[in-house]
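Below, each chain spelled out in residue letters.
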Amino acid sequence: MAPEHEQHPLFLPLVFVGGLIFGFGLGFSHMAQPEVVLNFLQFEDLGLLFVMFGAAVVTGITFFGIKQFRREAPLTGAVYGRRLKTLDKNVVIGGGIFGVGWGLSGICPGAAYASLGVGNVVILYGIAGMFVGAYIQGYWRSTRAEGDAPATAAD
Amino acid sequence: MTATLSIAMVAELFPNGISHYAIGGILVGLGVTVIYLGTAIPAGASTFLESTLSYVSGLSRFQQYRVSRDWRVVFTLGIVAGAAVYALTFQSGILSSGLQPGANTGELRDVGGITIWLTEVQPWRLFLGGILIGIGTRLGKGCTSGHGVCGVGSASSASFVGVATFLLVAIGVAQLVMAMGVNP
């Protein structure tokens, strides 16, 4: 288990500040507007590429760069690592299902939270749907895992 | 001649310019960076859906996120608050910049001096899409921030495959929905 049960007094404030910058960025880039995302997917405005890859370049520099200077994070003592997941068929099946939902609605989780922040109360339909979907897969996978032998706490 | 032509084509692909997209993307990356430098956690947005369900459901799938559920709530509240800061400043016209073109989709409405933005995408699309997003992001181990930003930034092969899959499928579906005349 990752050492995420944090006691440092600055842990939650730092997470909030990070979320604040993240959410402001999603508002500023209009990603909180499902229409703008749909315009991207329909090839009418490819600006979204600059958002996603602009962000990935920054995190890439951070993830690879920090290791030159420090081994462990100051607030948690956790060792700096990359975000690596096992590549299996779930990545493709889940990615495909997410893709259908993203293409149908123009929303994704982070952008939906930000959309609420810009005043778009209609997005609550989307956020409610996400919780329903997360529950459906969690129910299915939890009950299936108990039916099988030892449950693996994967991904 | 060729140069003029390609500039015109580029302008057509980016009718609203690129500055606010690039700046917003860099800020999203900086938000992840701030959390990562302090904690070594590469934060994604979709785990919040399952970790928050652990407050109300004892299912093992949700309980495994019990240890991270509090900070994930704080992260999400931060995202909502950050977007609200944007709404109170640029969206409400208190701040303006040539790098920020302002919304030209949906509906802007004045509520007590604050400008809020409302989508015109139909609720059934948001709800049905939301269900599929809830299933797909959790089964597929990440969303646009987990795979798209943190995973790609980590040069993770699972994330490259995840992003390629959801991007291509979403393009196909959005084009199909548009072709079927569903708008907005």
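- As recorded in an unreviewed UniProt entry, chain A goes by the name Sulphur transport domain-containing protein, listed as coming from Natronolimnohabitans innermongolicus JCM 12255.

1. Thoughts on the overall build of chain A
Thinking step 1. Within chain A, the regular secondary structure consists of six helices and zero strands.
Thinking step 2. From first element to last, N terminus to C terminus, chain A shows the α and β order α-α-α-α-α-α.
Thinking step 3. Taking the principal axes of the C-alpha coordinates as reference, chain A spans close to 45 × 45 × 30 Å.
Thinking step 4. Every one of the 155 residues in chain A was classed for burial, and the buried ones make up 54%.
Thinking step 5. If you take every contact in chain A between residues at least 6 apart in sequence, the share linking residues at least 24 apart comes to 51%.

2. Digging into the pairing of strand 1 (residues 107-111) of chain B
Residue and element names in this part refer to chain B.
Thinking step 1. For strand 1, the tally of buried residues reaches only zero of five residues, placing the bulk of the element at the surface.
Thinking step 2. Where strand 1 and strand 2 (residues 114-118) come together, five bridges link them in antiparallel fashion. The partner of Arg109 across the bridge, within strand 2, is Ile116.
Thinking step 3. What sits between strand 1 and strand 2 in their antiparallel hairpin is a turn of two residues, with Gly112 showing a positive phi close to 60 degrees.

3. Let's talk about the nonpolar core
Thinking step 1. The biggest cluster of nonpolar side chains holds 93 residues, and the ones touching the most others in it are Ala114(A) and Ala83(B).
Thinking step 2. Shared between two domains, this core holds at least three residues of each, these being domain 1 (1-119) and domain 2 (121-184) of chain B.
Thinking step 3. Non-local contacts of Ala114(A), meaning those with residues more than four positions away in its chain, are made with Gly23(A), Leu26(A), Gly27(A), Met31(A), Ala32(A), Ile79(B) and Ala83(B).

4. A word on the packing of helix 1 (residues 11-28) of chain A against helix 2 (residues 19-39) of chain B
Thinking step 1. Put simply, helix 1 of chain A and helix 2 of chain B touch, their axes get as near as 7 Å, and they point 170 degrees apart. Taken together, the axis directions place helix 1 of chain A and helix 2 of chain B in an arrangement best described as roughly antiparallel.

5. Remarks on the interface of chain B and chain A
Thinking step 1. If you look at the interface, chain B gives 116 residues, while chain A gives 114 residues.
Thinking step 2. Counting residues per element, the ones that place at least two in the side of chain B that touches chain A are helix 2, helix 3 (47-53), helix 4 (60-63), helix 5 (69-91), strand 2, helix 6 (123-139), helix 7 (146-153) and helix 8 (157-179) of chain B.
Thinking step 3. In terms of residue class, the side of chain B that touches chain A is built from 69 nonpolar, 41 polar and six charged.

6. Things to note about helix 8 of chain B
Thinking step 1. Helix length check: helix 8 of chain B, at 23 residues, gives a terminal C-alpha distance of 33 Å against a target of 33 Å (1.5 Å per residue), a fit within 8%.
Thinking step 2. Taken residue by residue, helix 8 of chain B has Ala158(B), Ser159(B), Gly162(B), Val163(B), Thr165(B), Phe166(B), Leu167(B), Val169(B), Ala170(B), Val173(B), Ala174(B) and Val177(B) as its buried positions.
Thinking step 3. Buried residues along helix 8 of chain B sit against helix 2 (34-41) and helix 4 (89-105) of chain A together with helix 7 of chain B.

7. Things to note about the confidence of the model for chain A
Thinking step 1. Confidence in the prediction of chain A, expressed as mean pLDDT, is 92, and 90% of residues score 70 or more.
Thinking step 2. Across residues 149-154 of chain A, where pLDDT falls below 50, the model places four contacts with residues more than four positions away in sequence or in other chains.

8. Overview of helix 3 (residues 48-65) of chain A
Thinking step 1. The terminal C-alpha atoms of helix 3 of chain A lie 25 Å apart, and with 18 residues this matches the ideal 26 Å at 1.5 Å per residue to within 8%.
Thinking step 2. Those residues of helix 3 of chain A not exposed but buried are Leu48(A), Phe50(A), Val51(A), Met52(A), Gly54(A), Ala55(A), Ala56(A), Val58(A), Thr59(A), Thr62(A) and Phe63(A).
Thinking step 3. Against the buried residues of helix 3 of chain A lie helix 2 of chain A together with helix 2 and helix 7 of chain B.

What counts and how
- Residues numbered from 1 in each chain as written.
- Chains lettered and ligands numbered in written order.
- Predicted model: local features only at pLDDT ≥ 70, side-chain atom pairs only at ≥ 80, totals over all residues.
- Helix = DSSP H or I, 4+ residues; strand = E, 2+ residues; numbered from the N terminus.
- Buried ≥ 20, exposed ≤ 12 C-beta atoms within 10 Å, placed from the backbone.
- Contact = placed C-beta atoms within 7 Å.
- Pairing = 2+ DSSP bridges.
- Core = buried A, V, L, I, M, F, W, Y, C linked by C-beta atoms within 7 Å.
- Domains from an automatic or database assignment.
- Axes fitted to C-alpha atoms, helices over the stretch in contact; angles between N-to-C directions.
- Parallel < 35°, antiparallel > 145°, perpendicular 65-115°, else oblique.
- Nonpolar A, V, L, I, M, F, W, Y, C, P; charged D, E, K, R; others polar.
- Expected span 1.5 Å × (residues − 1).
- pLDDT = per-residue confidence, 0-100.

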